[in-house]
Amino acid sequence: MNIAVIGSGYVGLVSGTCFSEMGNKVICVDIDQNKIDKLHEGIIPIYEPGLEKMVLKNIEKKNLLFTTNLEEAIKDAEVVFIAVGTPMGDDGSADLQYVLAVAKEIGQKMNKRLIVVDKSTVPVGTADKVKETIQKELDGRNISTEFDVVSNPEFLKEGDAISDFMKPDRVVIGAESEYAFEKMRELYSPFTMSRERFIGMDIRSAEMTKYAANAMLATKISFMNEIANICERVGADVNNVRVGIGSDRRIGYSFIYPGAGYGGSCFPKDVKALKKIAEEYNYKAQLIESVEDVNNRQKFVIAEKIVKRFGEDLSGKVFALWGLAFKPGTDDMREAPAIYVVKELVKRGAKVKAYDPKAIEEAKHFYLKDVKGISYFESKYDVLKEVDALIMLTEWKEFRSPDFSEIEQQLKTAIIFDGRNQYNAFNLEEKGFEYHQIGKQS
């Protein structure tokens, strides 16, 4: 099948590449000429395990092409995916200007029947706006051409996106015509051969499904962090509580690990957007608001523990930091707990020595570029020399079972602040460490 993907960011590039892997001819479009030039050279603008290898293979096979010319991309396409950004507005709503700009250009350039797919995360009712925008342009050209607008939300986890796309839990399609359903079923059939994962529904329900899924996962995280904070105050151990409730099959173990809060491009933005959608329909989403409030507070918990231990004035103190990305397997630092912890420490006079396997450049050039008092290192052990404590905030595999003898030898004082409770099972107190974690009294 001939496919065009408009927007070559995270979702667009992963989606386009995986479709090309199954033998489709895919043209990815982006207005950034520099990005397209780099993609032609095989330089990938994001870090995602397995993506670069798959992109290079399909470029070589000529299944995957890149251009800035939308008209060229949609000329032979049967399906056109809109995968541009929907940044969060000042009021928390999703900004649709880029989605609707693409819809307008599609209406100006299309000359045959197309299926236009909203792949970007968009509020309920966006498909109607896309349809109206395209139709207005067609009417202005005096062209009578059938087209379908479909909602096909993505459910990709950063760090595991290739696997998520190639072996999806479900493929959600919202459409109005049987023609659109059949075309989308055909397109996704190679990804759903082992069992039926194709879920067809109305468009608004499909749009809502994405927000509901992310809000549900964010709710589990905030719930567990709330329980952790209560455990710490009453003298319980949240690690034991997690095992106790996770063994209930109705609850399960996924997304009930206590920590320093969620971040990234999806959960914070989608929770805010869902809250805003509810407000627009005169409904106060109290649970969703609480999920956000708990998470915002949780990002400061590790900094609060450090201040409690060392005092409000941290002048002369130096801290080692393991982990900048909001989660392992990505260089994404959007809303990462590390941003909040570093700023809280530095503003009190501390210095921070940081290491992350992938996110150092993001920190240097974007998220912490104006922060004084932070320096970056190329090895996890290089940051430890003569520091007052180690802070662990991202559970990269290389941090999971470190050499604690080496850590103790390098640190000025053997103190660890664990923002992901990774070292709970290592009995660090018996090894001579002062160990601070989430949801358990130190």
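Residues numbered from 1 in each chain as written. Predicted model: local features only at pLDDT ≥ 70, side-chain atom pairs only at ≥ 80, totals over all residues. Heavy atoms only, no water.

A. Layout of the pattern of salt bridges. A full pass over the atoms with the stated rule returns 32 salt bridges. Note that Asp 164 and Lys 157 form a salt bridge whose closest N and O atoms lie 2.8 Å from each other. The exposure class of Lys 157 is partly exposed, given its relative accessible area of 37%. Ionic pairing is found between Arg 348 and Glu 312, a salt bridge with its closest N-O pair at 2.7 Å. Of the two residues, Arg 348 is situated in the loop between helix H14 (337-346) and strand E10 (351-355) and Glu 312 in the loop between helix H13 (301-310) and strand E9 (318-322); the sequence distance between them amounts to 36 residues. Taken together, the shared-partner salt bridges connect Glu 312, Glu 344, Lys 347 and Arg 348 into one network. (Salt bridge = Lys/Arg side-chain N within 4 Å of Asp/Glu carboxyl O. Buried < 20%, exposed > 50% of the residue type's maximum accessible area, 1.4 Å probe, protein only. Helix = DSSP H or I, 4+ residues; strand = E, 2+ residues; numbered from the N terminus.)

B. Representation of the nonpolar core. Leu 324, Leu 368 and Ile 391 are the most contacted members of the largest nonpolar core, which has 60 residues in total. Residues in contact with Leu 324, not counting those within four places in the same chain, are Met 333, Ala 336, Ala 338, Ala 354, Asp 356, Ala 359, Ile 360, Ala 363, Leu 368, Tyr 376 and Thr 394. Core analysis: the next-biggest nonpolar cluster, separate from the first, contains 39 residues, Val 5, Tyr 10, Met 166 and Ala 175 among them. (Core = buried A, V, L, I, M, F, W, Y, C linked by side-chain atoms within 4.5 Å. Contact = heavy atoms within 4.5 Å.)

C. Summary view of helix H8 (residues 178-188). Of the positions making up H8, those classed as buried are Ala 180, Phe 181, Lys 183, Met 184, Leu 187 and Tyr 188. Relative to the axis of H8, the buried residues are bounded by an arc of 165° and lie together on one face. (Arc of directions from axis to C-beta.)

D. Representation of the environment of Asp 332. By the element assignment, Asp 332 lies in the loop between E9 and H14. Residue contacts for Asp 332: discarding those within four places in its chain leaves Glu 158, Gly 264, Ser 265, Ala 325, Phe 326 and Tyr 367.

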